[in-house]
Amino acid sequence: MVAWPKSKNTYCPSRKCKRHTPHKISQYKKGKDSLLAQGKRRYDRKMKGFGGQKKPVFHKKAKVTKKVVLRLECTRCGHKTQTTLKRAKHFELGAESKKKKKGEVTF
């Protein structure tokens, strides 16, 4: 499981900042597919009519996880950047880390 804070002080590459500023962190989510994209129009035209499935349907899924993509938004200028983390089955945003504090004893 990967736990990540909701805000982080990191470098902002925009022309306005060019320095380390606080960033708001959110997880990237894929948007809705456009019906007007060239590939979708081509696929729909080919699938139209009689004759069954004309393009191959992928069944050999090998990966169990997806890479986590973070969306960083600068709180000073609003510039957005994306960074990828390693593959993880569970991802939590804003979760407290489970590190032991100095002097704390657990049994």
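Worth saying up front: this structure is predicted, and the values here are computed from it rather than measured.

1. Considering a positive patch on the surface
The grouping of Arg41, Arg42, Lys46, Lys54 and Lys55 at the surface amounts to a positive patch. Inspection of the secondary structure assignment puts Lys54 in the loop between helix H1 (38–47) and strand E4 (66–74).

2. Points about the nonpolar core
Counting residues in hydrophobic clusters, the biggest one holds seven residues: Ile25, Val68, Leu70, Leu72, Leu85, Ala88 and Phe91. Of all the secondary-structure elements, those providing two or more residues to this core are E4 and strand E5 (80–88). Considering each element in turn, this core owes the most residues, three residues, to E4. If sequence neighbours within four positions are ignored, Leu72 has contacts with Thr10, His23, Lys24, Ile25, His79, Lys80, Thr81 and Thr83.

3. With respect to the environment of Arg71
Its location among the elements puts Arg71 in strand E4. Judged by relative accessible area, which is 34%, Arg71 ranks as partly exposed. On a C-alpha basis, the gap between Arg71 and His20 in space is 16 Å, while along the polypeptide they are 51 residues apart. Discounting chain neighbours no more than four positions away, the residues touching Arg71 are Lys24, Ile25, Ser26, Lys80, Thr81 and Gln82.

Analysis parameters
Once a new chain begins, its residue numbering starts again from 1 and follows that chain's sequence as written. Local features in a predicted model are, by the rule used here, given only for residues with pLDDT of at least 70; side-chain atom pairs are given and counted only at 80 or more, and totals for whole chains, interfaces and linings are based on all residues. Hydrogens and waters are ignored; side-chain quantities use all the structure's heavy atoms. Patches here are clusters of residues that have more than 30% relative accessible area and form no salt bridge, with a 9 Å joining cutoff for like charges and a 5 Å cutoff for nonpolar side chains (Val, Leu, Ile, Met, Phe, Trp, Tyr). For every accessible area listed, the method is Shrake-Rupley and the probe measures 1.4 Å; residues are considered covered only by the protein chains on display. Criterion for a salt bridge: a side-chain nitrogen of Lys or Arg within 4 Å of a carboxyl oxygen of Asp or Glu. His is not counted, nor are the chain ends, whereas Lys and Arg count as positive and Asp and Glu as negative. Charge positions come from single atoms, namely NZ of Lys, CZ of Arg, CG of Asp or CD of Glu. Helix and strand definitions here come from DSSP, where helices need a minimum of 4 consecutive H or I residues and strands a minimum of 2 consecutive E residues; each element is numbered from the N-terminal end. The term nonpolar core refers to a set of buried residues drawn from Ala, Val, Leu, Ile, Met, Phe, Trp, Tyr and Cys, joined through side-chain atoms within 4.5 Å. Exposed residues in this analysis have more than 50% of their type's maximum accessible area, buried residues have under 20%, and partly exposed residues fall in between, with area computed by a 1.4 Å probe over protein chains only. Any pair of residues with heavy atoms lying within 4.5 Å of one another is described as a contacting pair.

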